[in-house]
Amino acid sequence: MNQTRFIYRGGQAQIEEKKSRFIATAEPVRSEEEAAALLASVRKKYWDARHNCYAFVTGPGGRLQRSSDDGEPQGTAGRPILEVIKGFGAEDCIVIVTRYFGGVLLGTGGLVRAYTMAAQAGLEACGTAVRMQGYRFTVRTDYTDIGRLQYLFAQQGWQVEDTQYTEAVTMQMVVASEEYAEVAKAVTDATSGRAALSEREEVCFARTDEGTLYF
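Residues numbered from 1 in each chain as written. Predicted model: local features only at pLDDT ≥ 70, side-chain atom pairs only at ≥ 80, totals over all residues. Heavy atoms only, no water.

Overview of the sheet that holds strand E5 (residues 64-68)
- In space, the five strands of this open sheet follow the order E2-E3-E7-E4-E5, with antiparallel pairing throughout. Edge strands, defined here as strands with exactly one partner in the open sheet, are strand E2 (11-17) and E5. For this sheet, the mean inter-axis angle between neighbouring strands, taken without regard to orientation, is 15°.
- Where strand E3 (residues 20-28) lies against strand E7 (residues 93-100), eight bridges are found, and the strand directions are antiparallel. Considered in E7, the bridge of arginine 21 is made with tyrosine 100. (Pairing = 2+ DSSP bridges. Helix = DSSP H or I, 4+ residues; strand = E, 2+ residues; numbered from the N terminus. Axes fitted to C-alpha atoms, helices over the stretch in contact; angles between N-to-C directions.)

Written as structure tokens, this is what we have:
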């Protein structure tokens, strides 16, 4: 299954470690230029912070990866943030961790731990989804079979995006590529061939709590 995880809605989180405050800002970005613009915006917002450390992953297959310690000891901030992004499995995103120094030195181990925890919290505050290849199509049926099909789709977790009630019932659906054959067979079996599927259209999509996104 060809799937990639991505952020569709940014998020922010904050942790405190020995009086130092770490503010993580995570946002989707599509290019190095977008990442630079967002970084500049965060630096302007938190102009009085001692550090704005960051990492981002973008480009086809997440090939472009950058990170910065922004004045922290080498390897204690940018690299840990990048490892969190990679472990999270997200592409096309940036995480910036802003630090307000609290007067207590954390040491290299403490810094790595704090930046890791902040980055994780920032990503967990985001809206994330899985981008996948699939097919969009419609199922056309009569009113006698609609209840049977609605029950079938609900049981299997196959999402109906829209339903139109006219002289017949037309349901618009989108499923992952590998599910299509199963859906088609189940519809045929459940209605003894009375329901008809439209010609399928290849799409790249993701399901989110805000609805289905198409790319």
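As for the environment of glutamate 178
- Residue position: glutamate 178 is located in the loop between strand E10 (169-176) and helix H5 (180-191).
- Between the C-alpha atoms of glutamate 178 and glycine 134, which are 44 residues apart in sequence, the distance is 7.7 Å.

Side note on the state of the cysteines
- Under the criterion given, the structure shown has zero disulfides.
- Free of any disulfide, cysteine 53 has its nearest cysteine sulfur in cysteine 93, 16 Å distant.
- As a non-bridged cysteine, cysteine 204 has cysteine 93 as the owner of its nearest cysteine sulfur, 17 Å distant.
- Judged by its relative accessible area of 15%, cysteine 204 falls in the buried class. (Disulfide = S-S within 2.5 Å. Buried < 20%, exposed > 50% of the residue type's maximum accessible area, 1.4 Å probe, protein only.)

Observations concerning the nonpolar core
- Counting residues in each nonpolar core, the largest one holds 26 residues, and the members touching the most others are Phe22, Ile81, Ile85, Val95, Val97, Tyr115 and Leu123.
- Sorting the residues of this core by element identifies E3, strand E4 (51-58), helix H2 (78-88), E7 and helix H3 (107-124) as the ones contributing at least two each.
- Other than its neighbours up to four places away in sequence, valine 95 contacts Thr25, Ala26, Cys53, Tyr54, Ala55, Ile81, Ile85, Ala119 and Leu123.
- Core analysis: the next-biggest nonpolar cluster, separate from the first, contains 18 residues, Tyr135, Leu149, Phe153 and Ala184 among them. (Core = buried A, V, L, I, M, F, W, Y, C linked by side-chain atoms within 4.5 Å. Contact = heavy atoms within 4.5 Å.)

A word on the pairing of E3
- Both E2 and E3 contribute to a ladder of seven bridges, which runs antiparallel. Its bridge partner being in E3, glutamine 14 is matched across the sheet by isoleucine 23.
- Remark: two residues form the turn of the hairpin made by E2 and E3, two consecutive strands paired antiparallel; lysine 18 in that turn has positive phi of roughly 50°.

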